[in-house]
Amino acid sequence: MTSHLTSLVKTTGFVYLTPGIIVMWVIGLALIYLAIKKDYEPLLLLPIGFGILLANLPLSGLMTPEEGLLWKFYEYGIHWEIIPPIIFLGIGAFTDFGPLLANPRLIFLGAGAQAGVYITFFAAQAMGFDIMEAATIGIIGGADGPTTIFLASKIAPQLLGACAVAAYSYMAMVPIIQPPIMRLMTTEAERKIKMAKSRKVTKLEKILFPLVSTFLIILLVPASAPLISMLMLGNLFRESGVVERLKHAAQNELMNIVTIFLGVPIGATMNAEAFLQPKVIFIFVLGLCAFMISTATGILLAKLMNLFSTKKINPLLGAAGVSAVPMAARVVHKVGTEADKKNYLLMYAMGPNVAGVIGTVIAAGIFLTLLTS
Amino acid sequence: MSASVVFIGGISSVFFGMGLLYLSIKITAMITARLTGKRKENLS
């Protein structure tokens, strides 16, 4: 009787609980709390938090290779590079490139904000991370969740969970992280700079842009093709005006479905053994540094451009060069209106903000090209 | 591949990529101007 009871107990997960598993439950529940109570990137942090709980339920087998349900989501969705490009299809369908087309010189602010990616990459390598891990940590500075996931799954899958959570956490904290840096690096007079009025962009121009840029970018960085091609296809859906159903599907149904299948398996990669390591703390610290440096370098580049230009750029726009769309642009607008209530920077900030998305994709593509060739 | 090569090559390639994007916007504006028969400055 006693032996039957013992073997019955052994079939439950309770006897396999460890302190590490309990810590992971706390982390999972904390993410769910932040998503529900604080509204921090709830679309991603809620399924990631739940995925963490599931991955840390002993004997569930959800992440057992070849068999587990979440392993299949991860393998065929993320490892096979299906989900991140589909998310980019949705982002393309959402994105209006009009502000970028109206002010093309603001594109370079999107490049300036990628400096944090490479500086942090260098720092991470100096701290002992291998070159693949360092690249994955650096890309957090681009503040682009799907690109971080795309790169991590390709070159450092062991860091996928930590890097994804770091990227989405910092994206949610843009309104907290960026304003102090913006105020520190600009004067009151600079924050009051008013941008010259933008020209109106025609529909034909908006249709031609995704076609022309697809050719040029993919020819330059072939490794960025999966993300850029889907981004531009989604944008063509939007701008063509003839495939409203496809545009809505990419923006809504498809985006929502892949968000579910992205978040849960990412959380499920975070089991106690893989996640509770000292290097995860470094990943979060370095990721934060990357993001802060990207903000600062974007502002510095705007100031540098002002030295050589008669048409002054409000340096706050440089902070929108990170790709947290549209949060970073909104923060720029908010800080700008604090200095001058009539200084509307939102539409101008959308230009570098969108350029930042493309810049991060190019940065990831370059990492892939240089490190895997 | 050493980190310094990736660092320098990476930053310069991102700027080159953005330059290419800038070029694609200019080409787009030029094609649009040709197709509509308007000057680039007056596309609207």
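Definitions and cut-offs
Residues numbered from 1 in each chain as written. Chains lettered and ligands numbered in written order. Predicted model: local features only at pLDDT ≥ 70, side-chain atom pairs only at ≥ 80, totals over all residues. Helix = DSSP H or I, 4+ residues; strand = E, 2+ residues; numbered from the N terminus. Rg over C-alpha atoms; globule rule 2.2 N^0.38 Å. Buried ≥ 20, exposed ≤ 12 C-beta atoms within 10 Å, placed from the backbone. Contact = placed C-beta atoms within 7 Å. pLDDT = per-residue confidence, 0-100. Nonpolar A, V, L, I, M, F, W, Y, C, P; charged D, E, K, R; others polar. Axes fitted to C-alpha atoms, helices over the stretch in contact; angles between N-to-C directions. Left-handed = near helix turned anticlockwise from the far one by under 90°. Core = buried A, V, L, I, M, F, W, Y, C linked by C-beta atoms within 7 Å.

In terms of helices and strands, chain A carries 20 helices and zero strands. Against the globule reference of 21 Å for 373 residues, chain A gives a C-alpha radius of gyration of 22 Å, in line with a compact fold. Seen through its principal axes, chain A has C-alpha atoms that stretch 90 × 45 × 40 Å. Burial statistics for chain A: of 373 residues in total, 54% are counted as buried. The long-range share in chain A, meaning contacts at least 24 apart out of those at least 6 apart in sequence, stands at 74%.

The secondary structure content of chain B amounts to one helix and zero strands. The buried share of chain B, reckoned over its 44 residues, is 30%.

Glancing now at the confidence of the model for chain B. The predicted model of chain B has a mean per-residue pLDDT of 82, with 82% of residues at 70 or higher. Here the predicted complex scores 0.87 on pTM and 0.83 on ipTM.

A common way to express how large an interface is: the accessible area buried when the components associate. Every contact between the two is made by 28 residues of chain B and, on the other side, 36 residues of chain A. Class assignment for the residues of the side of chain B that touches chain A results in 18 nonpolar, nine polar and one charged.

Attention shifts here to the environment of P157(A). Residue and element names in this part refer to chain A. Within the secondary structure, P157 sits in the loop between α10 (145-155) and α11 (160-172). Assessed through the 15 C-beta atoms surrounding it within 10 Å, P157 is described here as partly exposed. Each C-alpha atom of the pair P157 and S60 lies 22 Å from the other, and the pair is 97 residues apart in sequence.

Residue and element names in this part refer to chain A. Omega for the bond connecting V325 with P326 falls within 30 degrees of zero, at -10 degrees, which places this linkage in the cis form. Look at E41: it is not a glycine, yet its phi comes out positive at around 35 degrees. Examined against the element boundaries, E41 turns out to sit in the loop between α2 (19-37) and α3 (42-55). The phi angle at A143 is positive, at roughly 55 degrees, despite the residue not being glycine. Examined against the element boundaries, A143 turns out to sit in the loop between α9 (131-138) and α10.

Before going further, it helps to spend a moment on the packing of helix α8 (residues 115-126) of chain A against α9(A). Residue and element names in this part refer to chain A. For the pair α8 and α9, interaxial distance at closest approach is 8 Å and the crossing angle is 145 degrees. Two packed elements cross with a definite hand, and for α8 against α9 that hand is right-handed. Across the interface between the two elements, V117, Y118, T120, F121, A124 and Q125 from α8 touch I131, E133, A134, A135, I137 and G138 from α9. In terms of residue class, the contact of α8 with α9 is built from eight nonpolar, three polar and one charged.

This brings us to the environment of F237(A). Residue and element names in this part refer to chain A. As for its placement among the helices and strands, F237 is situated in helix α15 (residues 225-240). Distance in space between the C-alpha atoms of F237 and A250 is 8.7 Å, their sequence separation being 13 residues. Not counting chain neighbours up to four residues away, the residues in contact with F237 comprise A93, V243, L246, K247 and A250.

Moving on: the nonpolar core. Most often, soluble globular proteins have nonpolar side chains that are buried together. C163(A), L317(A), A328(A) and V332(A) are the most contacted members of the largest nonpolar core, which has 137 residues in total. Among the elements that line this core, the one with the most residues is helix α20 (residues 346-372) of chain A, at 13 residues.

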